[in-house]
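Fold and contact review
Chain residues, written in single-letter form:
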Amino acid sequence: MNRPVFHAYDNREALAEALAAGCAAVLAGAIATRGVATLAVSGGSTPKLFLDHLSRAEIDWKDVEITLVDERWVPETSDRSNHAMVRAHLMKGPASEAHLLPFYTGHETPEEAVEDLCERYRRLTRRFDVAVLGMGADGHTASFFPGADNLHAVLDPKGQDAVAAVRAPGAGEPRITLTLPLLVDARLLCLHIEGEEKRAVYDQALAGEDPSEMPVRAVLNHPREEPLNVFWAP
């Protein structure tokens, strides 16, 4: 198993610039090779600067499909919506020509939307070209939360469903998430973390194996031909 490659930067601006450049290069290569590229990005506040930088990349954005790694089950009008955050920070400038796929369908619960969403992701290129994950202070990534009602299923490396509904004590709203197999299969897989607290959480996760305690371990310990790239700045 390849251990993650840790990239440390002096500040968050330098991290955002480097991560955006790396992602843009892989997307451009995929477009040149297959005519289309796929990108999965995370929500929350950490990715905003990175997405701002990525939006300025001069690639053929009209050939890029963008999706979220996970989403809170709220409409885009909510200030909790990951879709709204990504639209505001990535879908502008050159990147405004890309295609952004929403998770939220308007169903009352995410469980009602799972079948339709799984069918959507079956139609996408099977492997994401780029997937950028985040991590919480509790060791969650995507919506893989400690204590989630179906954590075992979403972390099953042989699972067949691309999407799962998740409810967990630390999640706030019900969530919808891409499952582990789809994310770890990405050609370029990145974990983007910032701050000393997240660095300590990462080190703790890397030192153990039990994903039920810190679900990010399922990503850190998954065998890959190309190692996971971790991007960190204080």
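Scroll up to find the structure this text is about.
In this report, we go over the structure that sits alongside the text. From a predicted model like this one, the values you see are computed outputs, not experimental measurements.

Quick look at the overall build of the protein chain
When its secondary structure is counted, the protein chain shows eight helices and 10 strands. Here the C-alpha radius of gyration of the protein chain, 16 Å, is about what a compact globule of 234 residues would show, namely 17 Å. Principal-axis analysis of the C-alpha atoms gives the protein chain an extent of 40 × 40 × 35 Å. A buried classification covers 54% of the 234 residues belonging to the protein chain. Pairs at least 24 residues apart make up 75% of the contacts formed inside the protein chain by residues separated by at least 6 positions. Total accessible area on the protein chain is roughly 10,200 Å²; 49% of this is exposed by carbon and sulfur atoms.

With respect to the pattern of salt bridges
Per the stated rule, a full pass over the model turns up 15 salt bridges. Residues Arg-127 and Asp-185 are paired through a salt bridge, measuring 3.6 Å at the closest nitrogen-oxygen approach. Residue Arg-127 is found in the loop between helix H4 (110-123) and strand S6 (130-133), and its partner Asp-185 is found in the loop between helix H6 (180-184) and strand S9 (188-194); the two are separated by 58 residues along the sequence. Residue Arg-127 is classed as partly exposed on the basis of its relative accessible area, which comes to 32%.

What about the packing of aromatic side chains?
Within the structure shown, the criterion is met by five aromatic pairs. Every member of this aromatic cluster is reached through a ring pair, and the members are Phe-6, Tyr-202 and Trp-232. The aromatic ring of Trp-232 is capped on one face by Arg-199, whose charged end is 5.1 Å from the ring centroid.

Let's talk about the nonpolar core
Leu-54, Trp-61, Ile-66, Leu-90 and Leu-191 are the most contacted members of the largest nonpolar core, which has 84 residues in total. The leading source of residues in this core is helix H1 (residues 12-34), at nine residues. Setting aside residues up to four positions removed in sequence, Leu-90 forms contacts with Leu-39, Leu-51, Leu-54, Ser-55, Trp-61, Ile-66 and Ala-95.

Remarks on the environment of Gly-147
Topologically, Gly-147 is positioned in the loop between S6 and helix H5 (151-154). Measuring from C-alpha to C-alpha, the distance between Gly-147 and Pro-4 comes to 25 Å, with 143 residues separating the pair along the chain.

What to know about the sheet that holds strand S8 (residues 175-178)
In spatial order, the strands read S4-S8-S7; together these three strands make up an open sheet with antiparallel pairing. Since the sheet does not close on itself, it has two edges, and those belong to strand S4 (70-72) and strand S7 (163-166), each with one partner. Mean inter-strand twist for the sheet, computed between neighbouring axes without regard to direction, equals 15°. Here S4 pairs with S8 via three bridges, running antiparallel. Directly across from Arg-72, in S8, lies its bridge partner Arg-175. The sheet strands contacting H4 are S7 and S8, and the helix crosses S7 at an angle near 165°.

A look at the side chain of Arg-120
Within the secondary structure, Arg-120 sits in helix H4. Of the buried charged residues, Arg-120 lacks a salt bridge, with Glu-65 as the closest side chain of opposite charge at 8.3 Å.

Rules and cut-offs
- Residues numbered from 1 in each chain as written.
- Predicted model: local features only at pLDDT ≥ 70, side-chain atom pairs only at ≥ 80, totals over all residues.
- Heavy atoms only, no water.
- Helix = DSSP H or I, 4+ residues; strand = E, 2+ residues; numbered from the N terminus.
- Rg over C-alpha atoms; globule rule 2.2 N^0.38 Å.
- Buried < 20%, exposed > 50% of the residue type's maximum accessible area, 1.4 Å probe, protein only.
- Contact = heavy atoms within 4.5 Å.
- Areas by Shrake-Rupley, 256 points an atom, 1.4 Å probe, with all protein chains shown as cover.
- Salt bridge = Lys/Arg side-chain N within 4 Å of Asp/Glu carboxyl O.
- Phe/Tyr/Trp six-rings, centres within 6.5 Å; stacked < 30°, edge-to-face > 60°.
- Lys NZ or Arg CZ within 6 Å of the ring centre and 35° of its normal.
- Core = buried A, V, L, I, M, F, W, Y, C linked by side-chain atoms within 4.5 Å.
- Pairing = 2+ DSSP bridges.
- Axes fitted to C-alpha atoms, helices over the stretch in contact; angles between N-to-C directions.
- Lys, Arg positive; Asp, Glu negative; His and termini not counted.

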